[in-house]
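Structural overview
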Amino acid sequence: MESTKPTQSAPHIVELDALRGIAAMAVLCCHLPRGFWFGATGVDLFFVLSGFLITGIIQRNLDQPRFLRAFYWRRSLRILPLYYLVILMAYAVNLLRATPADTSGFGYYLVYLQNIHQYWGGETPPVDLALGHTWTLAIEEQFYLFWPVALLLLRGRAKWWLAGLFVVLPILLRGQGLPKTVLLGHTDSLAMGAFLAWIMIRTESVKRERQAVCYASIALASFLAYGAMYWQMCRQNPAFTGGEYLQLTLPVAVISLAYFGVIGLFVCMTGSRPLALFRNRYLVSLGTISYGLYLYHLVLYENLDTLVKFRWQMGDPWWLDVTKVIVSLAVAALSWRFFEQPILRFKDRFGYNDEPVVASQPVPSLATAGAPAHE
């Protein structure tokens, strides 16, 4: 007999929206010619946050009737429409070029398998469009497909062992040459987020102030270790670059652990005075539009480069970088207002308790909706 346990939802933690916005801006800036390589770790922050939010939603609503139906419908409405809009826009713009680029591998992008060939050392058939950053979406979609089913089948300690395996396995596989741009090469970030969700649920009655000290210590120690490893690499090889460091085996796990601590700290201290900055409405708004910001930015960057740098034979003027960021913000804001929000209203039809969701606002918050890491 199916459970009719009332659906549960986590409180809206507005500071996590701000974290998501910061992560999106970090990725945007690292893709500029003058960008700092550390901004690329915003992807790891996205993944840990995604693992935390999604696992929390699954764990709190696991026993609801038709849970999987509600979960997959809600995820699909949030992720798929904008994803397909952006990649089809990139494809359409390419068709308008005097010399269209090779897009023979475009079909892999349509089914989130653009990174599948990397498991055996191959390369995806060419798609010379600004869609290289969508490997993160492929990882998340693949994760969303199996993770709810796994948690339905595994209870008790089994789920902890599975998450532990997903922390250790990618470290070992990256050490053997598997790139971090495939699911099994990057599950450590997602699994750390899952651990954090379970810990938070199990320690809801424990004083958050005491937990905050623990998470702050984890974050600080991990950031220091991350910096120390980079400094040691640079000392051994003066020509060593940040881009090379990002591809090494341990840094992904260490920075993910740092973000595990940061997210845990923010959850424990939500609403406190020290985090007042992260409740700033502009910063929170960045988190609200961050999914579109992430998806649109490289497509916009490439086309602005084509219009300015190559047509006018220019280098990399600073004002072009500023223009790229401003245009990306504007397009993402318009997309959220006129495309994403109307679609998200349909999520109300798929409540986890098999009843329509009665929202207090027209559109649920991204944080409470368990938004994927790139939102």
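Described in the following lines is the structure provided in the data block. Since the model is a prediction, treat every value here as computed from it, not as a measurement.

1. A few points about the packing of aromatic side chains
This model, assessed by the stated rule, comprises 32 aromatic pairs. An angle of 70° between the planes, with centres 5.9 Å apart, marks the rings of Phe38 and Tyr226 as edge-to-face. Pair noted here: Phe38 is in the loop between helix 1 (14-30) and helix 2 (42-61) and Tyr226 is in helix 8 (residues 208-236), with a separation of 188 residues, a long-range link. For Phe38, a relative accessible area of 26% corresponds to the partly exposed category. A relative accessible area of 4% places Tyr226 in the buried class. Pairing Phe195 with Trp198 gives two aromatic rings, centres 6.0 Å apart and planes at 90°, and the pair type is edge-to-face.

2. So, unusual backbone geometry
Within the chain, Arg66 stands out as a residue other than glycine whose phi angle is a positive 55°. Judged by relative accessible area, which is 47%, Arg66 ranks as partly exposed. In the Ramachandran plot, Tyr112 falls in the positive-phi region, its phi being about 60° despite a non-glycine side chain. Tracing the backbone through its elements, the reader meets Tyr112 in the loop between helix 4 (106-110) and helix 5 (135-153). Judged by relative accessible area, Tyr112 falls into the buried class, the value being 6%.

3. Section: helix 1
Given a rise of 1.5 Å per residue, 17 residues ought to cover 24 Å, and the 25 Å separating the end C-alpha atoms of helix 1 matches this to within 8%. For helix 1, a buried count of 13 out of 17 residues is recorded, marking the element as mostly surrounded by other parts of the structure.

4. A closer look at the packing of helix 5 against helix 7 (residues 187-202)
Running from N to C, helix 5 and helix 7 cross one another at 40°; their axes reach a closest spacing of 12 Å. Taken together, helix 5 and helix 7 sit at an angle that is classed as oblique. Once helix 5 is placed against helix 7, the crossing between them reads as right-handed. Residue-level contacts link Ile139, Phe143, Trp147 and Leu151 of helix 5 to Leu190, Ala194 and Trp198 of helix 7. Counted by class, the contact of helix 5 with helix 7 contains seven nonpolar, no polar and no charged residues.

5. Overview of helix 10 (residues 249-268)
Helical geometry: 3.6 residues make up each α-helical turn, so side chains three or four residues apart lie on a common side. Across its 20 residues, helix 10 extends 30 Å between first and last C-alpha, which sits within 8% of the 28 Å expected from 1.5 Å per residue. Across the 20 residues of helix 10, 17 count as buried, placing the element largely inside the fold.

6. Some words on the environment of Val27
Within the fold, Val27 resides in helix 1. Spatially, the C-alpha atoms of Val27 and His133 are 9.9 Å apart, while their sequence positions differ by 106 residues. With sequence-adjacent residues up to four places away left out, Val27 is seen in contact with Gly39, Gly42, Val43, Phe46, Tyr294 and His297.

7. Concerning the side chain of Gln142
Within the fold, Gln142 resides in helix 5. Among the polar contacts made by the side chain of Gln142, one reaches the side chain of Asn115 at a distance of 3.3 Å. In contact with Gln142, other than residues within four places in its own chain, are Tyr112, Leu113, Asn115 and Leu183.

8. Details of the environment of His117
Of note, His117 is situated in the loop between helix 4 and helix 5. In the structure, His117 is positioned 65 residues away from Val182 in sequence and 9.3 Å away in space, judged by C-alpha atoms.

9. Here's the deal with the state of the cysteines
The term disulfide refers to a covalent linkage connecting the sulfur atoms of a pair of cysteines. Following the criterion strictly, the structure yields zero disulfides and no others. Cys234 takes part in no disulfide bond, and the closest cysteine sulfur, belonging to Cys30, lies 17 Å away. Here Cys234 falls in the partly exposed class, since its relative accessible area comes to 24%.

10. Remarks on the pattern of salt bridges
Going through the model one piece at a time under the given rule, you end up with nine salt bridges. Note that Glu15 and Arg279 form a salt bridge whose closest N and O atoms lie 2.8 Å from each other. With Glu15 in helix 1 and Arg279 in the loop between helix 10 and helix 11 (281-288), this pair connects stretches of sequence that are 264 residues apart. Taking the shortest distance from any N to any O, the salt bridge between Arg155 and Asp63 comes out at 3.3 Å. With Arg155 in the loop between helix 5 and helix 6 (157-175) and Asp63 in the loop between helix 2 and helix 3 (67-95), this pair connects stretches of sequence that are 92 residues apart. With relative accessibility at 44%, the residue Arg155 sits in the partly exposed group. When its relative accessible area of 35% is taken as the criterion, Asp63 is described as partly exposed.

Each value, and the rule that gives it
- Residues numbered from 1 in each chain as written.
- Predicted model: local features only at pLDDT ≥ 70, side-chain atom pairs only at ≥ 80, totals over all residues.
- Heavy atoms only, no water.
- Phe/Tyr/Trp six-rings, centres within 6.5 Å; stacked < 30°, edge-to-face > 60°.
- Helix = DSSP H or I, 4+ residues; strand = E, 2+ residues; numbered from the N terminus.
- Buried < 20%, exposed > 50% of the residue type's maximum accessible area, 1.4 Å probe, protein only.
- Expected span 1.5 Å × (residues − 1).
- Axes fitted to C-alpha atoms, helices over the stretch in contact; angles between N-to-C directions.
- Parallel < 35°, antiparallel > 145°, perpendicular 65-115°, else oblique.
- Left-handed = near helix turned anticlockwise from the far one by under 90°.
- Contact = heavy atoms within 4.5 Å.
- Nonpolar A, V, L, I, M, F, W, Y, C, P; charged D, E, K, R; others polar.
- Polar contact = N/O pair within 3.5 Å; in protein donor to acceptor, adjacent residues only side chain to side chain.
- Disulfide = S-S within 2.5 Å.
- Salt bridge = Lys/Arg side-chain N within 4 Å of Asp/Glu carboxyl O.

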